[in-house]
Each structure stands twice: as structure tokens, then as C-alpha cells.
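Overview (structure and organization)
Here are the chains, one letter per residue:
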Amino acid sequence: MTRRFPSRIPSLSPSRSSTSRSAWRSATDESTFFVEATPGLASAIDVQLEQRLDGFGQDGWTPAQWDQLIRASSFAEIAVRDCKPVCIAGFSEPWPGLAIAWASIGHDVGTAMVPITRRICRAMELHPRARRFQMTVRVGFLPGHRWARLLGFRAEATMARYAPDGSDHVLYARTFRR
């Protein structure tokens with residue numbers, strides 16, 4: 001089972017959802033709440049085209065593949081907006097001190113991006129071990145680059161022919177003194 005930390009992020013989720021003990025509502029967007037990631041919910045996200053090009057999405061990943069990623073992650077949650085999963089995000093840790101941030105975002109995420117961004121930033125700040133977080137973004141995917149900067153990441157390098165289809169990606173990193 002996925003280890004979740006922090007188990008509750010109080011500043012982002014002050015009230016419990018009436019539907020689930022593990023669901024926590026956003027303080028700024030009452031239609032958005034967060035639940036522990038499951039392969040079934042992840043498979044239901046209608047992923048934006050740019051991420052489908054990298055293999056994520058309904059026609060890209062099977063529930064078994066989502067299950068493998070979720071199990072390998074120290075943090076994995078799904079944002080639900082208006083009773084529909086719109087984003088899955090988490091961190092996998094290949095070795096102590098390094099966390100790889102990943103996310104698959106629905107094309108209909110809308111205003112849920114604000115609480116999602118706050119929640120991920122807070123989870124990075126409260127992570128007990130990771131000194132470095134890193135993520136990659138397809139070179140031409142401008143909303144992805146903007147979001148990486150909003151999350152506090154800085155571009156480090158362009159990785160030529162990185163993606164499964166041979167496209168270039170930019171490596172982003174955010175570091176903490178721990």
C-alpha cells in the first residue's frame with residue numbers, strides 16, 4: 001500500500017468530506033477534494049492530449065500499470081472535482097534524498113489546479129526525506145512548463161530524445177535543505 005505523508009495537510013484540507021474518512025476538501029475550492037490514489041480512479045481521468053503523447057491517459061495506461069506506479073510511490077493522491085477524478089499526482093523515490101514528482105492531469109481540471117498546486121507544494125515542503133524533487137516536461141508543452149515554475153521548480157537541462165516517442169523534455173528540479 002502507498003505510504004502517504006503527510007497523512008493530512010491541515011492548511012489545505014480543513015474539513016472532512018462526508019463521503020469518505022480519507023477524503024479532504026480544499027480550503028479554497030469546495031468542489032475539489034483529495035483521496036488516496038487507486039488504479040480505478042486513475043484510469044478514469046480523461047488526460048490532456050500532451051500527456052497522452054507520453055503514454056499517460058485512458059488509452060495509454062492500464063489499471064495494472066497505475067497500480068504499479070502508485071505502489072512504488074511514497075505519496076499518491078487523486079484530486080476529485082464535481083465527483084469526477086481530474087488529476088493524479090505523487091512522488092516516487094528511487095533512492096533516499098531524491099523524489100521524482102509525477103502527475104497526470106485531465107483536460108477538464110479547470111479551477112481545481114489552484115488547490116492541486118497548493119497541495120503538491122505543501123507535500124514537498126513537509127516531505128521528511130527528499131532533498132531534491134525532479135520532474136520532466138515535454139519541450140513544447142507550455143502549460144506544463146508554467147506549472148513546473150508555479151510548483152517552485154527550476155529548469156536544469158534539456159534531455160534530447162527522452163520520451164518514448166523520441167521527443168525532447170526539460171528536466172526541472174526543486175531542492176530543500178533537510
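For the structure itself, consult the block above.
Bear in mind that the values here come from a model prediction, so they are computed numbers and not experimental data.

Basis of the calculations
Residues numbered from 1 in each chain as written. Predicted model: local features only at pLDDT ≥ 70, side-chain atom pairs only at ≥ 80, totals over all residues. Heavy atoms only, no water. Helix = DSSP H or I, 4+ residues; strand = E, 2+ residues; numbered from the N terminus. Buried < 20%, exposed > 50% of the residue type's maximum accessible area, 1.4 Å probe, protein only. Polar contact = N/O pair within 3.5 Å; in protein donor to acceptor, adjacent residues only side chain to side chain. Pairing = 2+ DSSP bridges. Right-handed = clockwise from strand over helix to strand, strands pointing away. Phe/Tyr/Trp six-rings, centres within 6.5 Å; stacked < 30°, edge-to-face > 60°. Lys NZ or Arg CZ within 6 Å of the ring centre and 35° of its normal.

1. Here we look at the environment of Lys84
- Take Lys84: it is sitting in strand S4 (residues 84–95).
- Taking the relative accessible area as the measure of exposure, Lys84 reaches 32% and is therefore partly exposed.
- The spacing of Lys84 and Ala44 is 40 residues in sequence and 8.3 Å in space, taken between C-alpha atoms.
- Engagement of the side chain of Lys84 in a polar contact is seen with the side chain of Asp108, the distance being 2.5 Å.

2. Comments concerning the pairing of strand S6 (residues 132–138)
- By the criterion of burial, S6 is predominantly enclosed, with five of the seven residues buried.
- The pairing of strand S5 (residues 98–105) with S6 spans three bridges and is parallel. When the sheet's bridge partners are listed, Leu98 is paired in S6 with Arg132.
- Between S5 and its parallel partner S6, the chain crosses via helix H4 (residues 113–126), and the hand of that crossover is right-handed.
- Relative to strand S8 (residues 169–175), S6 is paired through seven bridges, and the arrangement is antiparallel.

3. Structural notes on the packing of aromatic side chains
- One pass over the full model with this rule turns up three aromatic pairs.
- Consider the rings of Phe75 and Phe91, whose centres lie 5.2 Å apart with planes at 25°: the pair is stacked. Taken together, the positions of Phe75 in strand S3 (residues 73–81) and Phe91 in strand S4 put the pair 16 residues apart, joining distant regions of the chain. In this pair, the class of Phe75 matches that of Phe91, namely buried.
- With a centroid separation of 5.0 Å and an interplanar angle of 65°, the aromatic rings of Phe91 and Phe133 are classed as edge-to-face. One end of the pair, Phe91, is in strand S4; the other, Phe133, is in strand S6, and 42 residues separate them in sequence.
- Each residue in the set Phe75, Phe91, Phe133 and Phe176 is aromatic and connected to the rest through ring pairs, giving one cluster.
- Across the ring face of Phe176, the terminal group of Arg178 is positioned such that the distance to the ring centre comes to 4.5 Å.

Just distances and angles here, no functional claims.
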